[in-house]
Amino acid sequence: MSSQTTPTRAVPGRAGGSAARRALTVAGATAAALALWALAGPVAGIDLTVRLDGGVQPVGPGAVVVASLLAGLAGWALLASLERILKRPGRTWTVIAVVVLVLSLAGPLGGAVGTASTVTLAGMHLIVAAVLIPGLGRPARGA
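Residues numbered from 1 in each chain as written. Predicted model: local features only at pLDDT ≥ 70, side-chain atom pairs only at ≥ 80, totals over all residues. Heavy atoms only, no water.

Participant: Please explain the overall build of the protein as it appears in this structure.
Facilitator: Assigned secondary structure in the protein consists of five helices and two strands. Counting from the amino terminus, the protein carries its helices and strands in the arrangement α-β-β-α-α-α-α. For the protein, the accessible area works out to roughly 8,600 Å², and carbon and sulfur atoms hold 68% of it. (Helix = DSSP H or I, 4+ residues; strand = E, 2+ residues; numbered from the N terminus. Areas by Shrake-Rupley, 256 points an atom, 1.4 Å probe, with all protein chains shown as cover.)

Written out as structure tokens, the structure is:
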């Protein structure tokens, strides 16, 4: 019987640890946004509302979870694509992510009703970015 082992090599973008870390990052960003929503809305009593379709709409926990998850999963998908075609995917992804963050702030800055709602909703965008950008920005391979 031979007890020889063969060295293994990680496949870029497919490492189990990387996928688990990224999934936790997306979940963490969603949880952070939801925590801010809970602290601002139900705890502090801030009326989180936005102008939408000519009316005013409350921002509920479902919208926070869906928006955060979509942002995280889209960022992950973009990073996975960049890892397949670029030598430095993390750097490129980070630049794109910061640009998307700046553009996303137009939503709460232009559509939120009231100063407290504007600050809180912009804070949710910032807190999601603060978790996603460093959490997903590390490439799966040593690039």
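Participant: Help me understand the pattern of salt bridges in this model?
Facilitator: Where side chains of opposite charge bring their charged atoms close, a pairing between them can arise. Going through the model one piece at a time under the given rule, you end up with one salt bridge. Of the charged contacts in the structure, one is a salt bridge between R22 and E83, with a shortest N-O distance of 2.6 Å. With R22 in helix α1 (residues 16-43) and E83 in helix α2 (residues 61-85), this pair connects stretches of sequence that are 61 residues apart. By relative accessible area, R22 is classed as buried at 2%. Overall, E83 belongs to the buried group, its relative accessible area being 4%. (Salt bridge = Lys/Arg side-chain N within 4 Å of Asp/Glu carboxyl O. Buried < 20%, exposed > 50% of the residue type's maximum accessible area, 1.4 Å probe, protein only.)

Participant: Help me out: how do you make sense of the nonpolar core in this one?
Facilitator: If you look at soluble globular proteins, the nonpolar side chains tend to sit buried side by side. Ranked by size, the top nonpolar core spans 23 residues in total, and within it W93 and L121 carry the most contacts. Within the residue set of this core, elements represented by two or more residues are α1, α2, α3 (89-104) and α5 (115-137). Setting aside its immediate chain neighbours within four residues, L121 contacts L48, T49, V50, V59, P108 and A112. (Core = buried A, V, L, I, M, F, W, Y, C linked by side-chain atoms within 4.5 Å. Contact = heavy atoms within 4.5 Å.)

Participant: Even after reading the chapter, I still don't get the packing of α2 against α5, so can you show me in this structure?
Facilitator: Relative placement of two packed helices is described by the angle separating their axes and the distance separating the axes. In the contact formed by α2 and α5, the axes pass within 11 Å of each other and the chain directions differ by 30°. On the basis of their axis angle, the class for α2 and α5 is roughly parallel. For α2 against α5, the interelement crossing comes out right-handed. Between α2 and α5, the contacting residues are V64, S68, A71, G72, G75, W76 and L79 on the first element and M124, V128, L132 and L136 on the second. Partitioning the contact of α2 with α5 into residue classes produces eight nonpolar, three polar and no charged. (Axes fitted to C-alpha atoms, helices over the stretch in contact; angles between N-to-C directions. Parallel < 35°, antiparallel > 145°, perpendicular 65-115°, else oblique. Left-handed = near helix turned anticlockwise from the far one by under 90°. Nonpolar A, V, L, I, M, F, W, Y, C, P; charged D, E, K, R; others polar.)

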